[in-house]
Structure formats: C-alpha cells, structure tokens
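# Summary of structural features
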Amino acid sequence: GKTEARLNAEIEKRGALFAVLLDPDTSDDNALLKAGALAAENGADLLLVGGSFMGNFKLPAQVAALKKEVSLPVVLFPGGASQVVPGFDAILFMTLVTGRNPNYLIDEQVRGGVLVKSLGMEAIPTAYELINSGKRTAVEYISGTFPVPENKPKLSMVHSIAAELMGMRYVYLEAGSGAETPVPVEHIAYTRKATEMTIITGGGIREPESAAVRVAAGAQIIVTGTLWEKVKDPGLLKEFASAIHVKG
Ligand code: 1GP
C-alpha cells in the first residue's frame, strides 16, 4: 500500500521514525488537530490515533480536519473492530500474537476486516506483542492475556518468527500505555536478528535517550503517547526527533 511504502522509504532515509500517539477520546473538537499539528511541526513523522476505548462520534470529522492541516500519515491504531472508522491513511491491522485469547487472534479481525474492506482502507498487517513492564497495563487487563516476561526476549522472538511466516510485515513490541518501564532492548534485538519485519515499539518511553537505545537495538518506529498529555514542549519533541533520526 501507499502508506506502508511511504513509511518504509522514510525509514530507509532517516534510520527510524518518530510516531506520536494521539488520544481519540476528546470532546474538544480542536484537541486532536492541535496535538497533531504540534507534533508535525516539531519532528514527528507519523501520527497514530487509538487506545483501548474509543467513544467519540466526532472522530471521523476530527481526523479529516487533522488530515487537511498536516501532511504526515495518520494511521489508526485500534483496540478493536468497533474502532474502524473512515478518514485514516491506513490501519495497523493487528493480531495480539503473544496472547491466547481467540477474540484478539481472529474475532476482532473478522469483524473489523469487513469494515476495512468496505472503506477501502489500506491495512498494514501487524503482529502485536505485549511485553511485561512492571505494573499491570490496560492492554493486559482488557485483552485478558499474559504479557511476555521481561526477562524472556527469546519468547517474543519466537512469536515474531511465527508472525513473519504468517505474512505479517510489521511487529509492534508493546509495553503498554503509561508503562513503568519500556520494552527491554533485548526483546527488540532478538526480533531484529530473527526477522525482517519493521519493528515498532512503544509504552513508557519518556526520554529521548530511551528512544535512541531502542533504535540502536533495531526498532524503526518509536511511539510516544502519554508523555505529551502533560508536556506540550516543542523542544522535547525536537529532541526526540533528533535522537530517533539517526541517519539525519
Ligand atoms: C501505547 O505504545 C503506546 O500503546 C504508547 O505508550 O503512552 O506510554 O507513550 P505511552
């Protein structure tokens, strides 16, 4: 697809990409636009929109307004099939491969797939791997699945190998929104060594250095979300961008 090709070309050019996750649950019609524009002006390469829940009927209009303002790809990062709404450049079409809950292995995909198809939306097949990060996270609670133990990087690697053989091209190594600690670098490094998939990682990344070491380990898209709910600092956004853009 067009968006996937664009992301891959940008990764080739810059080494890695800086993604900002925007909260879709806002009644303030300008909030998404403001947060997205701030990120776009200060070095972000990609805007993700999503979360465990989405109960905002105005989201399609807000996404359309955002798309008019910024030239970055705006990609849906859904918590389930009910979140498939129009307006996005693409969807991370995810499977929670580290879990053993059929709902997130096939059920949501069957329900959401027909919506994606009827919207003509580009889908990026993505393995979603939940890695333990200290305290219990919303993804763990909502999905009813165990995360991969933080000291077992080979366990996430074997899930990545299987996902790649099943045809998935992206893998999202997730610590969970607001995680105490980000995905340990070993998990990233093992998946990097064993597969050719594009590696996204996020959850609990709060410092540019923390992003940089994950890029060095092989991550190609770094996601930050919670941090920007409190901090609206253009300088910090720029620091993240330069820590991630290792090829300039
Ligand atoms: C959550 O990985 C993303 O799905 C981002 O996590 O909100 O902790 O930055 P944070």
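Anything mentioned here points back to the structure above.
Only a predicted model underlies this, so the values are computations on that prediction, with no experimental measurement involved.

### Digging into the site of the ligand
- Taken together, 13 residues sit near the ligand, with Glu174, Gly178, Gly204, Gly225 and Thr226 positioned nearest.
- At 2.9 Å, a side-chain N or O of Tyr172 approaches an oxygen atom of the ligand.
- Between the ligand and Gly225, the relevant distance is 2.7 Å, taken from an oxygen atom to a main-chain nitrogen or oxygen of the residue.
- If the ligand stood free it would expose 310 Å²; the protein chains cover 96% of that surface.
- Taken together, the residues that form the shell around the ligand break down as three nonpolar, nine polar and one charged.

### Let's talk about the sheet that holds strand E5 (residues 122-130)
- On the basis of which strands lie adjacent, the closed barrel formed by eight strands has the order E1-E2-E3-E4-E5-E6-E7-E8 and parallel pairing. When strand polarity is set aside, the average angle formed by the axes of neighbouring strands in this sheet is 30°.
- As paired strands, strand E3 (residues 74-76) and strand E4 (residues 90-96) are joined by two bridges and run parallel to one another. In the sheet register, Leu76 faces E4, and the bridge partner there is Ile91.
- Running over the sheet, helix H10 (residues 234-244) touches strand E1 (17-22) and strand E8 (221-224) and is turned about 140° from E1.

### A few points about the nonpolar core
- Judged by nonpolar contacts, the single largest core of 49 residues is most densely connected at Phe18, Val20, Leu47, Phe88 and Phe240.
- A per-element tally of this core places H10 first, with five residues.
- With near-sequence residues (within four places) excluded, Phe88 lies in contact with Val49, Leu59, Val63, Val74, Val75, Leu76 and Met121.
- Among the nonpolar cores identified, the runner-up in size contains 23 residues, and Leu7, Ile11, Ile200 and Val223 belong to it.

### Considerations on the packing of helix H2 (residues 31-41) against helix H3 (residues 59-69)
- Where H2 meets H3, the axes come as close as 9 Å, and the angle between the chain directions of the two elements is 30°. Taken together, H2 and H3 sit at an angle that is classed as roughly parallel. When the axes of H2 and H3 are compared, the crossing they make is right-handed. Facing H2, whose interface residues are Leu32, Leu33, Gly36 and Ala37, H3 presents Leu59, Gln62, Val63, Ala65, Leu66 and Glu69.
- A class-by-class count of the residues in the contact of H2 with H3 yields seven nonpolar, two polar and one charged.

### So, the pairing of strand E2 (residues 46-49)
- Judged by which residues are buried, E2 turns out to be covered on both faces: Leu46 and Leu48 on one side and Leu47 and Val49 on the other are all buried.
- For the crossover that starts at E1, traverses H2 and ends in the parallel E2, the hand is right-handed.
- Where E2 and E3 come together, three bridges link them in parallel fashion. For Leu48, the partnering residue across the bridge sits in E3 and is Val75.
- Taken together, E2, H3 and E3 form a β-α-β motif whose crossover is right-handed.

### Section: the side chain of His159
- You can see His159 is positioned in helix H6 (residues 153-165).
- Aside from chain neighbours lying at most four places away, what touches His159 is Val97, Thr98, Arg100 and Glu129.

### Let's talk about the pattern of salt bridges
- In this structure the tally under the stated criterion is eight salt bridges.
- Here Lys135 and Glu180 are joined by a salt bridge, their closest N and O atoms 3.4 Å apart. Of this pair, Lys135 sits in the loop between E5 and helix H5 (138-143) while Glu180 is found in the loop between strand E6 (170-174) and helix H7 (185-194), placing the two residues 45 residues apart along the sequence.

The rules we used
- Residues numbered from 1 in each chain as written.
- Predicted model: local features only at pLDDT ≥ 70, side-chain atom pairs only at ≥ 80, totals over all residues.
- Heavy atoms only, no water.
- Near = heavy atom within 4 Å.
- Polar contact = N/O pair within 3.5 Å; in protein donor to acceptor, adjacent residues only side chain to side chain.
- Areas by Shrake-Rupley, 256 points an atom, 1.4 Å probe, with all protein chains shown as cover.
- Nonpolar A, V, L, I, M, F, W, Y, C, P; charged D, E, K, R; others polar.
- Pairing = 2+ DSSP bridges.
- Helix = DSSP H or I, 4+ residues; strand = E, 2+ residues; numbered from the N terminus.
- Axes fitted to C-alpha atoms, helices over the stretch in contact; angles between N-to-C directions.
- Contact = heavy atoms within 4.5 Å.
- Core = buried A, V, L, I, M, F, W, Y, C linked by side-chain atoms within 4.5 Å.
- Buried < 20%, exposed > 50% of the residue type's maximum accessible area, 1.4 Å probe, protein only.
- Parallel < 35°, antiparallel > 145°, perpendicular 65-115°, else oblique.
- Left-handed = near helix turned anticlockwise from the far one by under 90°.
- Right-handed = clockwise from strand over helix to strand, strands pointing away.
- Salt bridge = Lys/Arg side-chain N within 4 Å of Asp/Glu carboxyl O.

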